[in-house]
Structures are given as structure tokens and as C-alpha cells.
Amino acid sequence: MTDETRTAIRAFVVENFLFGDDSHPLPADLSLIDNDLIDSTGILELVSFLEERFAIQVADADIVPANLDTIDRIAGFIIRKQAA
């Protein structure tokens, strides 16, 4: 599940924030926020994607870098939400 989850998240980021340009590596531990790949509006798009794709509910309190800053953190967040 984790590899599938990471692949889906990476594909979403590449398509929506890198405009389909997957010519550069996107490491799972790269900060999406610090590297200006995603901004506040992008976070809302990401949250909408996560809720729809993974059938989870993201509370306002969940929208923090600790949950949504890297592909690894997002995948871990999804796993925790689905287990709850």
C-alpha cells in the first residue's frame, strides 16, 4: 500500500504542480513547501485530492507540514488516517 500511495501522490504532484515535467527526480523526503513546489492554494488542492482518492477526512488541524510537507509524510498521514 505504501508504494502505491507514494506513486499516486508523486503522480499528483508532478501533474498538478510540475505541469507534467517528471524529468527531475522527486525524492520522497523532499520538502514540497521549502522547495516552492506547493503553496497554500496547492495544499488545499492536495487535501481535496487526498480526501477523494484515499477516502479520508482531513481536519483543519491536520493541515500542517508535519503531515503534508513530503511524499513520505503524506503517505504516513494517509496510513494513520485510514487506520483510525
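Keep in mind the model is a prediction, meaning the values are calculated, not measured.

Enquirer: Can you help me understand the overall build of the protein chain in this one?
Expert: Each helix and strand counted, the protein chain has four helices and zero strands in total. Listing each helix as α and each strand as β along the protein chain from the N terminus yields α-α-α-α. What you see for the protein chain is a C-alpha radius of gyration of 12 Å, in line with the 12 Å of a compact globule of 84 residues. With respect to the principal axes defined by its C-alpha atoms, the protein chain has extents near 35 × 25 × 20 Å. When burial is assessed residue by residue, the protein chain has 37% of its 84 residues classed as buried. Long-range pairs, those at least 24 residues apart, make up 54% of the contacts in the protein chain between residues at least 6 apart in sequence. Within the structure as shown, the protein chain displays about 5000 Å² of accessible surface, and the carbon and sulfur contribution to it stands at 51%. Where the 6 positive side-chain charges of the protein chain centre and where its 16 negative ones centre are 8 Å apart.

Enquirer: How do you make sense of a negative patch on the surface when you look at a structure like this?
Expert: A cluster of acidic residues, Asp34, Asp36, Asp39 and Glu45, forms a negative patch at the surface. Relative to the helices and strands, glutamate 45 is located in helix H2 (residues 40-54). Judged by its relative accessible area of 36%, glutamate 45 falls in the partly exposed class.

Enquirer: I tried to follow unusual backbone geometry on my own but got confused; where do I start?
Expert: Where the residue is not glycine, phi is negative for most of them; where a peptide bond is considered, it is trans in most cases. Not every positive phi belongs to a glycine, and phenylalanine 19 is a case in point at roughly 55°. Note that phenylalanine 19 resides in the loop between helix H1 (2-17) and H2. Since its relative accessible area comes to 73%, phenylalanine 19 is described here as exposed. Despite not being glycine, aspartate 36 shows a phi value in the positive range, around 55°. With respect to the helices and strands, the residue aspartate 36 is situated in the loop between H1 and H2. You can call aspartate 36 exposed: its relative accessible area is 70%.

Enquirer: For this particular structure, what's the right way to read the packing of H1 against H2?
Expert: The relative placement of two packed helices is expressed as an angle between their axes plus a distance between the axes. The contact between H1 and H2 brings their axes to 11 Å, and the two run at 140°. Judged by the inter-axis angle, H1 sits oblique to H2. For the pair H1 and H2, the sense of crossing is right-handed. Of H2, the residues touching H1 (which contributes Thr5, Ala8, Ile9, Phe12 and Phe17) are Gly42, Glu45, Leu46, Phe49, Arg53 and Phe54. Residues of the contact of H1 with H2, tallied by class, amount to seven nonpolar, two polar and two charged.

Cut-offs used in this document
- Residues numbered from 1 in each chain as written.
- Predicted model: local features only at pLDDT ≥ 70, side-chain atom pairs only at ≥ 80, totals over all residues.
- Heavy atoms only, no water.
- Helix = DSSP H or I, 4+ residues; strand = E, 2+ residues; numbered from the N terminus.
- Rg over C-alpha atoms; globule rule 2.2 N^0.38 Å.
- Buried < 20%, exposed > 50% of the residue type's maximum accessible area, 1.4 Å probe, protein only.
- Contact = heavy atoms within 4.5 Å.
- Areas by Shrake-Rupley, 256 points an atom, 1.4 Å probe, with all protein chains shown as cover.
- Lys, Arg positive; Asp, Glu negative; His and termini not counted.
- Charge placed at Lys NZ, Arg CZ, Asp CG, Glu CD.
- Patch = residues over 30% accessible without salt bridge, like charges linked within 9 Å, V, L, I, M, F, W, Y side chains within 5 Å.
- Salt bridge = Lys/Arg side-chain N within 4 Å of Asp/Glu carboxyl O.
- Axes fitted to C-alpha atoms, helices over the stretch in contact; angles between N-to-C directions.
- Parallel < 35°, antiparallel > 145°, perpendicular 65-115°, else oblique.
- Left-handed = near helix turned anticlockwise from the far one by under 90°.
- Nonpolar A, V, L, I, M, F, W, Y, C, P; charged D, E, K, R; others polar.

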